[in-house]
Structure formats: C-alpha cells, structure tokens
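Descriptive structure summary
What follows is the residue order along each chain.
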Amino acid sequence: MSDISLTASMRSNLLSLQNTQSLMDMTQERLSTGKKVNSAIDNPSSYYTAQSLTNRAGDLESLLDSMGQAVQTIKAANEGIESITSFVEQAKAIANSARDTAVVEEVASNEMAGKGDESTFMAQNTEISVKIGDKTYSYQVEADIDYADTVNTDHLDTLVGYLNNNATGDNIKQALADANLTFAVEGNSIVLKAANTAEDVAKTVVSVSGGGMELNGTINPNARDTYVEQFNSIMTQIDQLASDASYKGVNLLKGEDLKVVFNEDRSSFLEVKGDHADAVSLGLTEATATVWNDNTGLDGAITSIDGAINKLRDMATKFGNNYSIVEW
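The rules behind the values
Within every chain, residues take consecutive numbers counted from 1 along the sequence as written. Reporting of local features is limited, given that this is a predicted model, to residues whose pLDDT is at least 70; pairs of side-chain atoms are given and counted only at 80 or more, and all residues count toward the totals for whole chains, interfaces and linings. With hydrogens and water stripped out, all remaining heavy atoms of the structure feed into the side-chain values. The secondary structure listing takes helices from DSSP runs of H or I that are at least 4 residues long and strands from runs of E that are at least 2 residues long, numbered from the N terminus. We call a residue buried when its accessible area falls under 20% of the maximum for its residue type, exposed when it is over 50%, and partly exposed in between, using a 1.4 Å probe and counting protein chains only. Working definition of accessibility: Shrake-Rupley area with a 1.4 Å probe, residue cover restricted to the visible protein chains. What makes a salt bridge here is a side-chain nitrogen of Lys or Arg within 4 Å of a carboxyl oxygen of Asp or Glu, nothing more. Only heavy atoms enter the contact rule, under which two residues are in contact if any of them lie within 4.5 Å. Each nonpolar core is a collection of buried residues, namely Ala, Val, Leu, Ile, Met, Phe, Trp, Tyr and Cys, held together in the definition by side-chain atoms within 4.5 Å.

What to know about the overall build of the protein chain
- Check the secondary structure of the protein chain and you find seven helices and 11 strands.
- Put simply, the protein chain has 328 residues, and 33% of those count as buried.
- Here the protein chain has roughly 18700 Å² of accessible surface; of this, 48% comes from carbon and sulfur atoms.

Things to note about the pattern of salt bridges
- The tally for this structure, following the rule as stated, stands at five salt bridges.
- Its salt-bridge partner being K92, residue D306 comes within 2.7 Å of it at the nearest N-O pair. Highlighted residues: D306 in helix α7 (residues 295-327) and K92 in helix α2 (residues 44-100), separated in sequence by 214 residues.
- Exposure remark for D306: the relative accessible area of 28% places this residue in the partly exposed category.
- A salt bridge links R99 to D299, with the shortest nitrogen-to-oxygen separation between them at 2.7 Å. Of this pair, R99 sits in helix α2 while D299 sits in helix α7, and the two are 200 residues apart along the sequence.
- What makes D299 partly exposed here is its relative accessible area of 31%.
- A single network of salt bridges, built from pairs that share partners, joins D257, E271 and K273.

Thoughts on unusual backbone geometry
- In this model, K248 sits at a positive phi of 55 degrees, which is unusual for a non-glycine residue.
- When you line up the elements, K248 lands in the loop between α5 (225-243) and β10 (258-261).

Let's talk about the side chain of N322
- Among the secondary structure elements, N322 is positioned in helix α7.
- Once you skip the residues sitting within four places of it in the chain, N322 turns out to touch I74, L270 and V272.

Details of the nonpolar core
- I84, V88, I238, L284, W292 and F319 are the most contacted members of the largest nonpolar core, which totals 42 residues.
- Per-element tally for this core: the top contributor is α2, with 12 residues.
- In this structure L284 touches V88, M235, I238, A279, S304, I305 and A308, once residues within four positions along its chain are discounted.

Below, the structure is given as structure tokens:
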C-alpha cells in the first residue's frame, strides 16, 4: 500500500484541529475542576502558589473541624452541669423536708423556766418519773439543785447533767440508753432528743414528770428514713450524669482536659481544664439515718449541699467562658 501524502493546506488544517481539541480539553478540565491552573505545565508559579494556598485552606478547615468538636465537648459538660445542679437542688429540698420532720416531738413545761426567787430549783429526794412505752423508771434527786444565778439555763444544764449521767439502780440513765434518748436544753426548756444511734428504735411515747416538771413527747427515729433513701438515689443519679457528660471520648466533668488549637503551627491554643462533678468531689456524702436523725448532722449535710451548688456555679461560669472563646 502506498503512503498517504498530505498537502500543505491539509496539514495546516489538521494541526489547527489538534490545537482546537487541545484547547477544548483544557477548557473542559478547567470547567470540571474549577481551576484555571491544574498542573505545573500550565503555569508553574501559579500552580505551586495555588497548591500552597489549597494546603493551608485544608489545614484551616481541619482546625475549624477540631474547634467544632471542642465546642460540642464543652457544651456536653455545660449541659451536664445544668442537670447535676438541678439534681443537687432537689437533694437540698429533700434535706430541708427531712429537717422539718421531727424525730422527737416534744412539749416542755413552762414550769421549767424558773421558780421565782426560790434558791432551790429542785429539792433533794424529789422523785422524777420517766415512762417510755410500757416501762416506767424513777429517780430521786440526790441533792438540792440550786439556781447558780439568775440565768435560767445554768440550772437547767445542771438538771440535764443529772438526768443523762446518773448511773445508779433502775434509773433514768438506763431508760435513756434503752430508748436511745437524751435530754438537752433548748432555750429555757428541757427537751427530749434522739441519740445518734436511734434509727433502730420503734416509735415510742415518752413522758417525764416530777418536781414541777411535765414533759411529754414521741420519738420516731424512722421518720426521716424515706428522705434518706431519696437523697441517696439522687447521689447515684449525679454520679451517672457526671460519667455521661463526655463527647468524642473527652469528659470534662471527670477531670479530663481539652486542648483547642487555633492555628497551623499550634502556637495559638486554649487549654480547657476539666473538673470532677461526681457527688464525692462536690463534697456530698451518702445520707445515713444515724446522721440525719440528729439535727446537727443534718444541718451539716445541708451546708455541704450549698457548697456543692456554689462549686457547680463556678464550673458553669468557667466552661461558659471557654465556650464563648472557642465558638467565637
């Protein structure tokens, strides 16, 4: 077969078609990629400049993504604090309700406030009778109990000392021990109180009389048991909330820290320090009938709850400030 020969005009047309196709291919590539320069052949200077800018944009996009994750981590911690605060406030309401529930309901005689100008408050051999449930105990005052001075509580303290500490025979001290009771002075009256170990004592009616004293009361050391159970249930919920406040494996409420980077060389960053928001770390301890049956112990628990609320508010402020910085 003989070779094909092209005339000058045909060769010129063919080259023109090839150039046109090449330009069409370049235009098509630019349209599909959205880039004017797609390779170093097109324009080396522009290509490598564009490549550098593209790489930096990718790095910044990665940092922006990381900051978005950090925002969600801080947000999870903040929402956890809000929920925990709500539960702690419920715990305080329960403790206050328990405080308003009397373990010992007492009526103290006004006669105990004093006997005019008499020097002897209670004479020797005065018989005091204590009835606890179906048992009656008696006690004879061993010596005159005199007014120490014009302050009524002085002689009341003296009498309470006799009542709580006398240890001879079938006496009041034994009765108190049997019923887990104790006498105490409140204002100008002698009142009955539940001893710290009174949680196992059944509801018991108590009366005291003698020497011008008339005291009637009811001890019910189990009256606060329901509140103890409710309080401890909330403590468990608080621990669970603190454990669940994590995002992408970081939990700021379990003491874990979060580092948020703002630029490519990591020279600009924010370190968010975590804190512990479980019940023990907040200063809250499990309630027991022994502690909650004693008003002093219960008051201490309420003070601890107030401290926990203040600590949670401080945490919320700290995380809120960090949230604003990262989100901005």
